[in-house]
Each structure stands twice: as structure tokens, then as C-alpha cells.
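What the coordinates show
Here are the chains, one letter per residue:
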Amino acid sequence: MQKMRTQNTTEESAKKREMDILVKLRKKKHDLKNNGSDSSSETLDTTINILGHTLVKSSELSGYCSKCAGAIYRRIKTAYTCSVCNVILHKACINEVSRRCSLANKDTLTLMSKIAPAHGLHEQNYCCYDCGSEISYSSTKVHTCDYNGRYYCQECHKKTLHLVPARVIHNWDFKPRQLALQSQEVIAYLADKEYLNIENINPQLFDSVSVMHQLRDLREQIILYKAHFVQCSRALREGVFLKLKSRQHFIDTSKLYTIRDLTEAQSGTLLPEITSVIQDYQKHVDRCETCSNQKFLCSVCESPPLISPFRDVYSIAQCSQCHGVLHRPCFNRSDKCPYCSASLINEL
């Protein structure tokens, strides 16, 4: 019986060794097929520049090739990825790539804040807006991008869905629409990098969307707290501003929003987050003698009651330029800030 068990174990070990050898041979065959068996053929460089892409060689990539859609396995197939737009390519597909790098000039990119009108294909000389290949109205391989109204071939437009920033800003419409790959990459890159003044683009959004109205009020409170926290050494030691380190623009101004902010406001995650920060700020005021004792005389009416910025947030208003505080009725009937002479029109 012991001999039979030993024999079975030996056979299993032999089969395992054979399988390991077979896997290694198949991998070698695949590499020879992709790279060419001619040892004199020129090997590809570690970094390759093509159509704006900066392709970097790596054996640690996994995913799918952007050209052939074939699988790429980590440490099994050597592949290249663009260090700018993160596109992944097989080594054999590099010379066949036709799409330009959508983020090659990322420092000059801006989001389209207006809903794109329909364009004529003749404006593109009957060519794909991305790769430049010839297309026509009669072809079933032509697709329109809802983001910019341009026409693309089927390789540059996979009919995948994505939200359109302009429709969010103007209509509070988060319905995904068919966008070209180029447009999706630009929107994804700028979603938390470009700051939009929604009050300038569509001021009615704050009146028609309750969550935006509430968010504006909270952000005005943040600016009010900030104006006084910068004078409180205890607040600075406690790092109160670090509570919004992922949204630095909320500390700097109450006017600017990113597409990420709007998306999270619509999903219901942003308002509780900012409310929690305001509550933490108020807790600091309650236990800080310096902040809780700050009171000011309104410079418009110069009459009581004295303004306590952290207690009377709904009965006061603040100049966005110098952060001076006034009674809200006095603020409403004033054209200029008594502190810095800045215009108070459209401040609320």
C-alpha cells in the first residue's frame, strides 16, 4: 500500500513538471511570434513617442490592448502604456495605433461648458475628428459625440456612455450619453482639476436645485470661518483647514466647483461631508476662547446688535473680497463694501 502511494505521488510530481515545461514553451513560442525570431531585427526602445503618446515599456501591466482588445497579463506579456493618457498597447500593436494622445497638451485643455451644437461633416473634411481616417454620412461606422458634436470613426468612438459636463451645468442632467474615447479621457482628466464658476455660467442652477442652494450657503459659512481661523493660533495648530485638503478650492473661495463636486452633490455624498466639516468648525469655536469672543460692529448702520460671526451665520453677510461682515439687511441695501469698497452687487 505504501509503495502504491509513493508511486502515485511520483507520477503527480512528474506531471506537474511536464506542465511547467509546457507553459514555459508556450510562453516562449508566443514571445517569438510577437517579437520575431530574427535576432538581428531591431528591438523596440524602452520609451517610444508616437502620435503624442509617450509609451513606456513595462512587464507589470495588466488589462486589454487599446488597439486589438486582446488581453495583457502581468509579467507574461510585455506591453507599453502612455505615461500621459494611460492607454495600453501590445508591443506588436504600437505601429498600428491611429488615435492621437488626447492629453498630449493637457496644460491647455478646458471643459466645454456649453452644450455642443450639431456640426457638419464637411467641417471635418469628411475625416474622423480624432485619427483623421476618411468617413462619410452613408457609412454605418460614423458616430457623433454628444460632448463636442463632432464625428468619429468606430475605432475612436466605441458608443460607450459618459456624463456630459455642459448638460450637468445647464440642465442638472447626469444621464450618460455616447461620447468618443477622446472626449471621455478629457472629461475624466479634468473632472477634479478644472474649476468652474457656476454662478457666471448658470446662476439659475442655485435656485432650481435645492442641493446646490444648500451647498452655496455652507460654502459661504466656510469662508466666514476661514477669515477668523487664520487669526487663531489654536485653529492653525489643530489643522482645521486640513479637513478640506481634498477640496482646497472650498477654502479659497465659495464660487468655484469641479465636475466631481457636482457629481457628488447629485449623488448625495457631498452635502453630508461639508455639513460635517462645518460642525467640526463650530465645535472648535465653542471650545476656543479667542474665536467665541469675536464680535464686530456693523460698519453700515453702526448700531447694535454686535455681530458674532459664528453665532449669527444666517443673519449676517460677508464681502467675498475682504471677508468683512455686515448685518444681512445692511448688506442687501449697500452697493459697496464699507471696508474695501468692493461692489456688493450679486454677492449673495
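Definitions and limits used
- Residues numbered from 1 in each chain as written.
- Predicted model: local features only at pLDDT ≥ 70, side-chain atom pairs only at ≥ 80, totals over all residues.
- Heavy atoms only, no water.
- Helix = DSSP H or I, 4+ residues; strand = E, 2+ residues; numbered from the N terminus.
- Contact = heavy atoms within 4.5 Å.
- Areas by Shrake-Rupley, 256 points an atom, 1.4 Å probe, with all protein chains shown as cover.
- Buried < 20%, exposed > 50% of the residue type's maximum accessible area, 1.4 Å probe, protein only.
- Arc of directions from axis to C-beta.
- Disulfide = S-S within 2.5 Å.

Focus: the overall build of the protein chain
Across its full length, the protein chain carries twelve helices and 14 strands. At a minimum sequence separation of 6, the contacts of the protein chain that also span at least 24 residues come to 55%. Summed over its atoms, the accessible surface of the protein chain is roughly 20200 Å², and 50% of this surface lies on carbon and sulfur atoms.

Overview of helix α9 (residues 259–267)
Every buried residue belonging to α9 is among Ile-259, Asp-261, Leu-262 and Ala-265, and all of these are buried. Here the buried residues of α9 occupy an arc of 160 degrees about the axis, which is enough to place them on one side. One or two steps after α9, the chain reaches Gly-268, where phi turns positive at roughly 95 degrees.

Concerning the state of the cysteines
A complete count under the given rule lists zero disulfides for this structure. Take Cys-85: it sits in no disulfide, and the sulfur closest to it among the cysteines is that of Cys-82, at 3.6 Å. Unpaired in this structure, Cys-153 has its nearest cysteine sulfur neighbour in Cys-131, at a distance of 3.6 Å.

Concerning unusual backbone geometry
With the exception of glycine, the majority of residues adopt a negative phi angle, and the majority of peptide bonds are in the trans configuration. In this structure, Tyr-126 takes a positive phi of about 55 degrees despite not being glycine. Take Tyr-126: it is sitting in the loop between β6 (88–90) and β7 (143–144). Its relative accessible area of 40% is what places Tyr-126 among the partly exposed residues. The backbone of Trp-172 shows a phi angle near 50 degrees, a positive value even though the residue is not glycine.

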